[in-house]
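For reference, the chains in residue letters:
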Amino acid sequence: AFSAVPGLRPHEHGVQPARVGAALTNTPFSVRMPVPPVLQPVVSTNDVDIYRIDIRHTNLEILPGVSTPTFTYGNQLVGPTIRAKTGRRVLIRYNNLLNRPTNVHLHGGHVEADNDGHPMELIQPGQTRWYNYPNRQQGATLWYHDHSHHTEAENVYRGLHGFYLIDDDSERGLRLPRGDYDVPIMIRDALFDADGAMLFGGNPAERNVILANGKPQPYFPVAARKYRFRLLNGATERTFNLSLGGEEMTQIASDGGLLPAPVPRTGIRLSSAERVEIVVDFSRYPVGTQLVLSDGATPVLRFDVVRQAADSSQVPDLLRALPVLPAATVNRNVTLSFDIAAFPPVGLVDGKTYDPNRADLQVKRGSTEIWTITNGDGQFGFPHNFHMHLVQFQVLDRDGQPPSLDDAGRKDTVLIPAGTSVRVKAHFTDYLGRYVYHCHFLEHSSLGMMAQMEIVP
Ligand code: C2O
Ligand code: CU
């Protein structure tokens, strides 16, 4: 209940508690987990791939036997996967067939401000718009999602999310698992009423159905060999504590790409929008073994080892060194909190709610900065989670203590438990203009827990 928006009673926005009383639940492991299909370009030239995606209302069978109205990219709850390449530009033409405005943000992407999906730059119903992504960044698991002003939480919750994976040829020689053995998995939650409608607006802690790639607690058949899994927390407001029954998951990457070296993990904390890449070696288990990935005690997904397979992949001892950032010349403090005296509550960054017309701070292009980000809601127990557009940062410490394994690598999103603070360091290289930073519990950002920086020459 601590993750609830303060003051917002469950199902405040026109959802009847009686219907929630009959909420649909799920029998685990009754459906197979799909892998979102890789989108084919409409056109490919020497250095550009051009895609087209329709954003639409779609009725989907998410829980067996019931139809659920959703918003989708393409026609699926987890949108088609874009497979980009470092150094190759991607252009995407989005066609908004919804009856409401939307836009698209490439989360973790290093893109020009005009193409960042600013909350006020919307695609109106019936309109189209192009986004232009240079992919001048190393291999990483990114994702795309709605970022419309005040409505991002609902739009993402209803299905506007998909993977955007950047492959980097310079990482080929590492021989990590590839092809069918490189599987993105989006984990999220939802609450369904007795008719199959996804309920939004209530207490996120009541979302009792866990979806992996858009299916409830599915199973996934695997071969007895190594797999690379790219895990994304696509829930709007939830933190997953993932484990594989105590078995080892070898972490190889976090938000912005590979770690310097693999790290053995048995538990991984993943807050909304964070990514972690793991390699699981199923050759350790006889065919017939079933391994359950869980969130605490709640099953998320079951891996069924069903066959033998050859495996020439490996997890080398060294992966990719982190960039060495220049010394910081600017230190800032940023505080995330709620004004709970207001109803509905108002989200604040440094005491102010989001104003799209205000630049909250200026950053000089080329500079390196250290930000101390504090969760100012210690007395109420609300966790927040901090995301900065444009850059990947490095976590220096938490409350003066060394960061945890969950903070390793190139990060763009970090959990900040109630009353704690985290120090991050970022280098602002090239692009100018307005970029937002915000709490990525999207119910909080939708209430105004967002601000923007202006990168200036
Ligand atoms: Cu994942 Cu500002 O967004
Ligand atoms: Cu928050």
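All values derive from a computational prediction rather than experimental measurement.

1. Topic: the overall build of the protein
Then comes step 1: Assigned secondary structure in the protein consists of three helices and 31 strands.
Then comes step 2: The C-alpha extent of the protein, read off along each of the three principal axes, is 60 × 55 × 50 Å.
Then comes step 3: When burial is assessed residue by residue, the protein has 47% of its 457 residues classed as buried.
Then comes step 4: Taking the contacts inside the protein whose residues are at least 6 apart along the sequence as the reference set, 77% of them involve residues at least 24 apart.

2. Side note on the domain arrangement of the protein
Then comes step 1: Domain boundaries in the protein define domain 1 (28–169), domain 2 (179–308) and domain 3 (330–456).
Then comes step 2: Taking only C-alpha atoms into account, the centre of domain 2 sits 26 Å from that of domain 3.
Then comes step 3: Each partner contributes to the interface: domain 2 provides 18 residues, whereas domain 3 provides 17 residues.
Then comes step 4: Mapped onto the side of domain 2 that touches domain 3, the elements with two or more residues apiece are β16 (249–254), β17 (257–265) and β18 (267–271).
Then comes step 5: Of all the elements, β17 adds the most residues to the side of domain 2 that touches domain 3, at four residues.
Then comes step 6: Among the residues making up the side of domain 2 that touches domain 3, the classes are represented as six nonpolar, seven polar and five charged.

3. Overview of the pairing of strand β9 (residues 161–167)
Then comes step 1: The buried fraction of β9 is high, at five of seven residues.
Then comes step 2: Of the strand pairs in this sheet, strand β8 (residues 140–145) and β9 are connected by six bridges, and their pairing is antiparallel. Following the sheet pairing, T141 is matched in β9 by L165.

4. Notes on the environment of L242
Then comes step 1: Mapped onto the elements, L242 comes out in strand β15 (residues 239–243).
Then comes step 2: Since 22 C-beta atoms lie within 10 Å of it, L242 is described here as buried.
Then comes step 3: Residues L242 and W143 lie 99 residues apart in sequence; the distance between their C-alpha atoms is 20 Å.
Then comes step 4: When residues no more than four places from it in sequence are discounted, the contact partners of L242 are G267, I268, L270, L293 and D295.

5. Here we look at the sheet that holds β16
Then comes step 1: In spatial order, the strands read β12-β11-β10-β14-β19-β16-β17; together these seven strands make up an open sheet with mixed pairing. Every interior strand has two partners, whereas the edge strands, β12 (215–216) and β17, have only one.

6. Overview of the sheet that holds β18
Then comes step 1: Judged by pairing direction, the sheet is mixed, and its five strands sit side by side in the order β13-β21-β20-β15-β18 without closing on themselves. Only two strands of the sheet have a single neighbouring strand rather than two, namely β13 (219–224) and β18. Adjacent strand axes in the sheet meet at a mean angle of 25°, parallel and antiparallel pairs treated alike.
Then comes step 2: The pairing of β15 with β18 spans five bridges and is classified as antiparallel. Counterpart to F240 in the pairing with β18 is L270.

7. What to know about the confidence of the model for the protein
Then comes step 1: In this model, the protein carries a mean pLDDT of 94, and residues with pLDDT of at least 70 account for 95%.
Then comes step 2: Per-residue pLDDT, averaged within each element of the protein, yields its smallest value for helix α1 (residues 17–21) (47) and its largest for strand β14 (residues 226–233) (99).
Then comes step 3: Taken as a whole, residues 1–19 scores under 50 in pLDDT and shows 44 contacts with residues more than four places along the chain or in a different chain.
Then comes step 4: Confidence metrics for the complex model read pTM 0.95 and ipTM 0.98.

Each value, and the rule that gives it
Residues numbered from 1 in each chain as written. Chains lettered and ligands numbered in written order. Predicted model: local features only at pLDDT ≥ 70, side-chain atom pairs only at ≥ 80, totals over all residues. Helix = DSSP H or I, 4+ residues; strand = E, 2+ residues; numbered from the N terminus. Buried ≥ 20, exposed ≤ 12 C-beta atoms within 10 Å, placed from the backbone. Contact = placed C-beta atoms within 7 Å. Domains from an automatic or database assignment. Nonpolar A, V, L, I, M, F, W, Y, C, P; charged D, E, K, R; others polar. Pairing = 2+ DSSP bridges. Axes fitted to C-alpha atoms, helices over the stretch in contact; angles between N-to-C directions. pLDDT = per-residue confidence, 0-100.

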